[in-house]
Amino acid sequence: MRIALIATHHADYAASLAVALAERHDVMLVLSRRNSSRQIRPESLEWLRRRLTLHIVPHHLAPLQPVIAALCARHIARFRPDVVHVQEHPTRSMAQLARLLRGKLPFVTTVHDPLPHSGNDDKAARTFARAYATLRAASDRLIVHGESLVDDLAGTGPGRDRIAVIPHGVLHFGRHGAALAPTAPDPRRLIFFGRMEAYKGLAELLDANDLWLAQGVPVQLLVAGAGPEATRLAARMAAAPNITRMPGRIEQDELERLVAGSAAAVLPYRDATQSGVIASTYGAGRPVIATRVGALAEAVQDGGLMVPAGDVPALAEAGRRLFEEPGLLQTLEQAVHARRTGDLSWADIARRTAELYAAAGAGRA
């Protein structure tokens, strides 16, 4: 099969899928310049070029979106694929691409967030609501990353018969073609990382940290990343004796080292659909503490501890258990390894995705 995989966002995710598909199929991968430079290491881009057809298009700034759609359509025409697979994100370019292709090829879209996160993501989704509707309507099949997300996506219009559930595979912080150097985790450190919007629950994590300090739980908390919540809560973090703050954008290799060197990542999210943070944490071999929102419980399964959203005492108790319950951390580590090599492996995900491509083509025929 010849597969055109278009990802002007979610570059690391798409590259992982493309490499796994390229083991059995001819694959063309199209990425955007800024997103790929942020998510994939330069040496990994060169490694990718040796395994598949790779094109880089400009960043999806609003004036360039029709140009990007036209460039993608040109690459598709030259490659002559059997199926086109795109990633939905806040831009009009993929809806414009779908219109340019005029239904000539089976068309698959991965919908990472059927319903937007609260805050800035919700504002972006409203801005691009018409483009999202056009793209979803033009797709022969739509992929979501959890059973609980099928209802969310179906509620926006697509029929359930067009929606497939395929897990979000593990990520390796833009590292492709090389193994992570062995890192001994600090058994007392939790890490909270990524883009710090209000829905990520940093305030609740700081409330739980107050309980850890009051109870004498020996937690060392590393907060890495940037965003409005980090700015709003900066003074409170600075006042906590057990919090290390790493502000700003952190390079992928450094962030992977920090995650791999922590006991677990903590995701006290108020709302979510799925999570690249879980995929990246599992990719680094570490378990998580997360809240039961969206499809997070489906992603975590037995590789972490789940607590209700907004329940600060439960979050604090999960952290205490992780550090004080004998054998718990090791049990979670073993479960993460099993998931990495099982249903969250890209080989398994590529197989399931290729089957979906075939179904999309058969349904069209």
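In the block above lies the structure referred to throughout.
Summary of the structure given here.

So, how was this worked out
Residues numbered from 1 in each chain as written. Predicted model: local features only at pLDDT ≥ 70, side-chain atom pairs only at ≥ 80, totals over all residues. Heavy atoms only, no water. Pairing = 2+ DSSP bridges. Helix = DSSP H or I, 4+ residues; strand = E, 2+ residues; numbered from the N terminus. Axes fitted to C-alpha atoms, helices over the stretch in contact; angles between N-to-C directions. Contact = heavy atoms within 4.5 Å. Salt bridge = Lys/Arg side-chain N within 4 Å of Asp/Glu carboxyl O. Buried < 20%, exposed > 50% of the residue type's maximum accessible area, 1.4 Å probe, protein only.

Looking at the sheet that holds strand β5 (residues 107-110)
Alright, step 1. Pairing is parallel in the open sheet, where seven strands are placed in the order β3-β2-β1-β4-β5-β6-β7. The open sheet terminates on both sides in strands that have one partner only, identified here as β3 (53-57) and β7 (163-165). Averaged over all neighbouring strand pairs, the angle between strand axes comes to 20°, with direction disregarded.
Alright, step 2. As paired elements, strand β6 (residues 141-144) and β7 share three bridges and run parallel to each other. When the bridges of β7 are listed, L142 appears paired with I163.
Alright, step 3. Across the sheet, helix α5 (residues 93-101) lies against β1 (2-7), β4 (83-87) and β5, angled at about 165° from β4, the strand it touches most.
Alright, step 4. Across the face of the sheet, helix α17 (residues 346-364) comes into contact with β1, β4, β5, β6 and β7 while running at roughly 155° to β6.

Details of the environment of H10
Alright, step 1. Its place among the elements puts H10 in the loop between β1 and α1 (11-21).
Alright, step 2. Distance in space between the C-alpha atoms of H10 and Q87 is 7.2 Å, their sequence separation being 77 residues.
Alright, step 3. Beyond its immediate chain neighbours, meaning those up to four positions away, H10 contacts N35, Q39, Q87, E88, H89 and H112.

So, the pattern of salt bridges
Alright, step 1. Taken as a whole and assessed by the stated rule, the structure comprises 19 salt bridges.
Alright, step 2. For D26, the salt bridge identified is with R2, shortest N-O distance 3.5 Å. In this pair, D26 sits in strand β2 (residues 26-32) while R2 sits in strand β1, placing the two residues 24 residues apart along the sequence.
Alright, step 3. Relative accessible area serves as the criterion here: at 45%, D26 is assigned to the partly exposed category.
Alright, step 4. For R2, a relative accessible area of 29% gives the class partly exposed.
Alright, step 5. Here E256 makes a salt bridge to R175, at a shortest N to O gap of 2.7 Å. With E256 in helix α12 (residues 252-260) and R175 in the loop between β7 and β8 (186-193), this pair connects stretches of sequence that are 81 residues apart. Per residue, the accessibility class of E256 equals that of R175, and both read buried.
Alright, step 6. When salt bridges with common partners are traced through the structure, they connect R41, R175 and E256 into a single cluster.

Concerning the sheet that holds β8
Alright, step 1. The six strands lie next to each other as β10-β9-β8-β11-β12-β13, forming an open sheet whose pairing is parallel. Strands at the two margins of the open sheet, each flanked by one partner only, are β10 (243-247) and β13 (304-307). Across the sheet, the axes of successive neighbouring strands diverge by a mean angle of 20°, strand direction being ignored.
Alright, step 2. The sheet contact formed by strand β11 (residues 262-267) and strand β12 (residues 288-291) spans three bridges and is parallel. Paired with A265 across the two strands is V288, which belongs to β12.

What is shown is where atoms sit, not what they do.
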